[in-house]
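Spelled out from the first residue to the last, the chains are:
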Amino acid sequence: RIAEVVELRPADDLVDIGCGDGTLLRIAERIGTRTAVGLLATEEEVAVLRRFGLEAKQGFTHQLPLADECASVIVCNNVLLIVPRENIPASLREIYRIAKPGARIFIGEIPAAQQPDPTPRFTTRRETLAYLYREHGLRTWFGMLRRMVWWALRGQPAVLRPGTAISFFSDPSEFIAMAQDAGLAFVRYWQHDHPNTRNNYLFRKAS
């Protein structure tokens, strides 16, 4: 659906900020876009996508490791909600910087209001590991087990930092104003399907 919203075409240069498992990059590959690069927060995530032949780089939204005006389509879906509010203006300026004149820019799943942290809470390591195995499989379970063993060997407490906590939320008028301050031209916004407490936005960079 995102590919349809941004009208992804063979002549495009796509940047997918927070590209997850690379689904949109694969769609771009099937369409035959000129270039398609995904950005992820860690080198470990990047390495996984590269093993599947996808182009990916490590970077954060407020410091994108890309050249000026390199993208005709930019997607940043389900990402800014975990970016600290103080980094949002810089993140939007970075999106503007890498966008070519006329670029289509999709920014998705911006919560309209603050939501409770959905991260599960556990009282023991056994409960944590059982949940991870049940919900996310052996690889995630083993990864957490290795961390716990490392913490134990070094005498460190097991501290699980939530990756799902919402750091940024904004009503549409505020977010549109922030994007316009960064130079982006507003096209439209609409309510996300699920959860319906979030909004999707389409912007352009003026030609």
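In case you missed it, the structure is sitting above this.
Every chain is numbered on its own, with residues counted from 1 as its sequence reads. Side-chain atom pairs in this predicted model are given and counted only at pLDDT of 80 or more, local residue features only at pLDDT of at least 70, and totals for whole chains, interfaces and linings cover all residues. As a rule here, side-chain values come from all non-hydrogen atoms in the structure, and water together with hydrogens is ignored.

Draft legend 1. Summary view of unusual backbone geometry. With an omega of 0 degrees, the peptide bond between His194 and Pro195 qualifies as cis. Think of it this way: any DSSP run of H or I at least four residues long counts as a helix, any run of E at least two long counts as a strand, and we number them from the N terminus. Secondary-structure assignment places Pro195 in the loop between strand S6 (185–191) and strand S7 (198–204). Of note, Glu7 is a non-glycine position whose phi angle comes to about 55 degrees, a positive value. With respect to the helices and strands, Glu7 occurs in the loop between helix H1 (2–5) and strand S1 (13–17). The residue Asn78 is not glycine, and still its phi comes out positive at about 60 degrees. Here Asn78 lies in the loop between strand S4 (71–77) and helix H4 (88–98).

Draft legend 2. Broad picture of the packing of aromatic side chains. Ring pairs are drawn from Phe, Tyr and Trp, using the six-membered ring of Trp, whenever the two centres fall within 6.5 Å, and their geometry is named by plane angle: stacked under 30 degrees, edge-to-face over 60, tilted for the rest. This structure, assessed with the given rule, holds eight aromatic pairs. Residues Phe175 and Tyr201 carry aromatic rings whose centres are separated by 4.7 Å and whose planes lie at 55 degrees to one another, so their mutual orientation is tilted. Note that Phe175 is positioned in helix H7 (residues 172–181) and Tyr201 in strand S7, a separation of 26 residues in sequence. With relative accessibility at 0%, the residue Phe175 sits in the buried group. Only protein chains enter the area calculation, which uses a 1.4 Å probe; residues under 20% of their type maximum are buried, those over 50% are exposed, and those in between are partly exposed. Look at Tyr201 and you get buried, because its relative accessible area is 0%. Plain terms: the ring middles of Phe175 and Phe203 are 6.2 Å apart, the flat faces sit at 65 degrees to each other, and that makes the pair edge-to-face. With Phe175 in helix H7 and Phe203 in strand S7, this pair connects stretches of sequence that are 28 residues apart. For Phe203, a relative accessible area of 0% puts it in the buried group. Chaining the aromatic ring pairs together yields one cluster made of Phe168, Phe175, Phe186, Tyr189, Tyr201 and Phe203.

Draft legend 3. Examining the pattern of salt bridges more closely. Definition used for salt bridges: Asp or Glu carboxyl oxygen within 4 Å of a side-chain nitrogen of Lys or Arg. Counted according to the given criterion, the structure contains eleven salt bridges. We note a salt bridge from Lys205 to Glu69, for which the minimum N-O separation is 3.7 Å. Residue Lys205 is found in the segment after S7, and its partner Glu69 is found in the loop between strand S3 (55–58) and S4; the two are separated by 136 residues along the sequence. Lys205 gets classed as buried once you look at its relative accessible area, which sits at 6%. Residue classification places Glu69 among the partly exposed residues on the basis of a relative accessible area of 42%. Note that Arg134 and Glu135 form a salt bridge whose closest N and O atoms lie 3.8 Å from each other. When its relative accessible area of 47% is taken as the criterion, Glu135 is described as partly exposed.

Draft legend 4. Here's a closer look at helix H5 (residues 125–136). For H5, with twelve residues, the first-to-last C-alpha span of 16 Å sits near the 16 Å given by 1.5 Å per residue. For this analysis, residues touch if any pair of their heavy atoms sits within 4.5 Å. Against helix H6 (138–153) lie the buried residues of H5. Gly137 sits one or two positions beyond H5 and adopts a positive phi of about 90 degrees. Helices are assigned an expected span. That span is 1.5 Å times one less than the residue count.

Draft legend 5. Broad picture of the environment of Ala99. One can find Ala99 in strand S5 (residues 99–111). The spacing of Ala99 and Ala71 is 28 residues in sequence and 5.0 Å in space, taken between C-alpha atoms. Excluding its chain neighbours within four sequence positions, the residues that come into contact with Ala99 are Glu69, Ala71, Ile74, Ile105 and Lys205.

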